Each structure stands twice: as C-alpha cells, then as structure tokens.
Amino acid sequence: PQPAAGPTTGGWPDAHSDPMASEGKARHARAQKRPPSLAELPGEGDQEGVGGIRRHHVVQYRNARIMKGGKISKPDECYLWTYGGKIIDPEKRFWEAARLKRFAADKIVDCQGLILAPGYIDVQLNGAFGVDFTSMVDSCPSSLEGYGTRGGRKRQKERKLEDDRWRNVKKVAHGVLRHGVTAFCPTVITSAPETYSELSGFMRRAPGDREHAAILGMHLEGPFISREKYGAHPKNLVREPTKGYRSAEEVYGSLLPVVDMVTLAPELKGAKEVISGLVTKGIVASCGHTMASLSEAEEGYAAGSRMITHMFNAMAPFHHRDPGLIGMIGKPTDKPYYGIISDGIHAHPNSVRIAYHSHPKGTVLVTDAMGAMGLGEGQYNLGDTNVRINGDRATTKTEKGEVLAGSIATMCDCVRNFRQFAGCSIVEAVEAASLAPALLLGIESKKGSLKYGRDADMVILDNDLNVMATIVGGEWAHVSKVIRFECQ
C-alpha cells in the first residue's frame, strides 16, 4: 500500500522557485521528477508498515542493540524513540504523553536484535552511479546558442540546465542510502574558476528525507595543491594562492558560501593565509595533495588546518628523519583528523592499522568515490580526467604513468574493511564514519550520534556490518531485501 502523505524533513528545494506558478502544476511536476519512494522500490515496499513511518509519528524502536555513548546496549536494555525527525528523550515523552493523555507510540518497530547506529557521513564523495560532480558541468550542455540574449527563452534554458544538474546531485543522494550514508559533502576536484562559478548556480545544502541523504556543504579538493602530488587532478589547472585568501575568493567566487571543506597544500606560497581565511568563514581547511615537510605541515596546522585528506595518498612518503604530513598523527597531543580510504587499494591494511593506533579518535572514513561507483567496468570521467575501471581499481594515465584516480568503494564496504584492517571494535568502526566526521564539520549537535535531540539519521546493521535499513530524519529510506521488519 502507498504510505499516507505527511510532513517531510523540510523538502528538497528546486533549482529555482517561481512564486507565480500554480501549486497544482508544481506538485505534479515534482511528482513526475522525484525518485521512487520506499514503498515503490522493487523488493523494498511497505514492510509491515515501516515504509509508512513519517516524521510526525512517534516511533519506538524495540529489540535493538543501540549504539550510544561509545557502547552497544543489549536488545532488552532500552528503547529508542523518534519524533519530528529527531531522537527524543523518553522521560520527557512520558510527561508530555501524560499531559495529552496519549501514551502509546504511533509506531513500534521490532529491530530483531540488530544494531541501531548513527547514519554514515561521507565528507569526500566525488560522485556515484554515473554522476561526477566536477564533470557534470560539462556533461550537461551549457550552450545557449539560438536563444538570444533577451527575453525569457534564454533564462528558461538556463533553468533547465540547472535543474538537470541538481537532479544529478539528487540521484547520488538517493543511491547512497542503500550503503548507509545519510549525509555527504559533494566533492569537486581541481577545476577552472568558470567551473566553480557554474557550480554556484545550482549547488546548495539540502536536508535529507525518505528519498535522499542530506547534502552538506561542498568539499573543494584543489586547485591549490602541489604540482608534484596532483594525482588524477588536471595538472594544467593546478595553481598557487599567491594572493593569499584573495586567491581563494577569486577562484571559488560565489561558491564559497556553500563550502564546508577545502583541501590544499600548506607549503604553497600564500597557503597559510588561505587556511586562516577559510577558518574564519567556518570552513574546514584540510592538508592534502602535498609535498609538505613536517615543519610545513605544523605551520599549516598552526594557521588553523584540522584535517589530513586521504592519509598516505598524494603526499610525501614517510621518512624517519622527516615524516612529513604523515608525522602529524605522531604528535603527543592536539592531533588532526585524517581521512582514510579503507578499500584495501589506496592504503595497505597495515598502514591503516598504524594510523588507527597512532590516533584512534582521529580516523574519518571516506570513500573518495568517483562517478563509476555503483557501475561496472569501463571508461569514465573524473573532472577533465579519463578514468578506467578494471575490477575494483580506478586508474588514470598521467605523464608519470598510471595512478589511482579515486575509488569505487561504498561507505559500508569501508566500514567493514576498517574494522578488519584496524582490528577495532564495531563501535569504533561505525564512529569513524559517523561521529568523527560530524565532529570534524562541527555538526555533532545535529548528527553523528544517537543522543537526544540529534537528527534521527540512523542505520540498522547486522553483526557483519551489512546495512539492513537506512533511516533519514526518522523516515525509512532504504530496507534490505534480505530481511523483513515488523511494525505495529
């Protein structure tokens, strides 16, 4: 049965809103464009009512091993309650219920002894399912030839282009739900100023709902990176921020207000000024694609950097006399966060284990996935770079030969691998993909844990950390075909 209509998590903004448009026509257009709801997905229908759970329902989760406060409860130890898209305090709920003389929950879900954990947050996602956030500016033709320079036809064409690009972003936001991701930072690699300008026309933050993971601010990886460690980035677009923060303003332009993180090389001229400027704007400055020595890395950290982009990859290798950027996690105190791609390709399991034991609380699992994630073998684009997928490896040819070009790993794969590689607990593996990225971005008061008042963004896992269900804002967004949940 089709679930009853109810309030959503705030709704997904269209690329443009026309106040003169008929509400009926707008509703019909949205219905035609939206991805299928949970109840419409093959094999993921209204499983005993879970697909009909909405934000306005008071929901009680029973028989769950709840991950909270750094531990996992026993199935019969406690319940978890959600209402209005948030995790609520059951004691406050009791007194509110007493006042209203309405004690029963609207819905009761039996979690069958599975693990109920915070949803995953991916701070470095270049694209997936055939969509690449960098190259989609070019893949959606932007030519306005034949539309003139005056009148409504040109603007109508521009709106369609922006709608098409935003629809591609939503496609990724929908697809990652099956992998437990409830929020992510769209990531764009080194690009020309014109590309950042075009991205500013349609990229925005958006809340999650039962059909999409939440879109956080963007992660801009480049162009202020080392010409020696550019990896799969287009070398001809790499530059130095010689004017300090003004260089960042000139390159990124009007895109900066929707940015949460920037990756840059701290040793470049003007980089420290860029880091300081970003931090004052509330943007995380991450060091990466760099040849920085340890002292240069420390200077970047002193300027305000708090993150290392994909540890071990695209940076000077560890040396016992000068450990470089990698050496930052060997500091006795005040260590930075560091991203790890635990796909078994970008970093050897032993390297992952070394990083984890050096700084367990600093691990931030990232996929660094590109547009071919979720697709088969073949040729794909990552920005202006042609990428070849062969098996589980994504590579591109450069003047230095064939190099890794992002991953095709999913976040649930990375969490499972990390637990195995690092030899850590389930709680530590899951928190590296939830609490740690939330702390990094400064959104821990809303996401990253199951504390009272946090967003009801959750993932239900089995003992092997396979995703059984994904819940966004209290609404069920994905249910695995291998299990059926009962809802009263």
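First, a word on what this report is: a plain description of the structure on this page.

Conventions and cut-offs
- Residues numbered from 1 in each chain as written.
- Predicted model: local features only at pLDDT ≥ 70, side-chain atom pairs only at ≥ 80, totals over all residues.
- Heavy atoms only, no water.
- Helix = DSSP H or I, 4+ residues; strand = E, 2+ residues; numbered from the N terminus.
- Buried < 20%, exposed > 50% of the residue type's maximum accessible area, 1.4 Å probe, protein only.
- Contact = heavy atoms within 4.5 Å.
- Areas by Shrake-Rupley, 256 points an atom, 1.4 Å probe, with all protein chains shown as cover.
- Pairing = 2+ DSSP bridges.

## Observations concerning the overall build of the protein
Link 1 in the chain: Helix and strand counts for the protein come out as twelve helices and 26 strands.
Link 2 in the chain: Every one of the 488 residues in the protein was classed for burial, and the buried ones make up 56%.
Link 3 in the chain: In the protein, of all internal contacts separated by at least 6 residues, the share reaching a separation of at least 24 is 72%.
Link 4 in the chain: About 20,800 Å² of surface is accessible on the protein, with carbon and sulfur atoms providing 49% of the total.

## Structural notes on unusual backbone geometry
Link 1 in the chain: Here the residue pair glycine 222 and proline 223 is connected by a cis peptide bond, since its omega of 5° sits within 30 degrees of zero.
Link 2 in the chain: Within the secondary structure layout, proline 223 lies in the loop between strand 13 (218–221) and helix 6 (245–252).
Link 3 in the chain: With a phi close to 55°, alanine 314 is a non-glycine residue in the positive phi region.
Link 4 in the chain: Among the structural elements, alanine 314 can be located in the loop between strand 16 (307–308) and strand 17 (337–340).
Link 5 in the chain: With a phi close to 55°, aspartate 334 is a non-glycine residue in the positive phi region.
Link 6 in the chain: For aspartate 334, the position within the fold is in the loop between strand 16 and strand 17.
Link 7 in the chain: Owing to a relative accessible area of 53%, aspartate 334 belongs among the exposed residues under this scheme.

## So, the pairing of strand 11 (residues 181–189)
Link 1 in the chain: For strand 11, the buried fraction is high: nine of the nine residues fall into the buried class.
Link 2 in the chain: Both strand 8 (residues 120–125) and strand 11 contribute to a ladder of four bridges, which runs parallel. In the sheet register, tyrosine 120 faces strand 11, and the bridge partner there is valine 181.
Link 3 in the chain: Note: strand 11 against strand 12 (residues 214–215), two bridges, orientation parallel. When the sheet's bridge partners are listed, phenylalanine 184 is paired in strand 12 with isoleucine 215.
Link 4 in the chain: Here strand 11 pairs with strand 13 via three bridges, running parallel. Bridge pairing links isoleucine 189 to glutamate 221 in strand 13.

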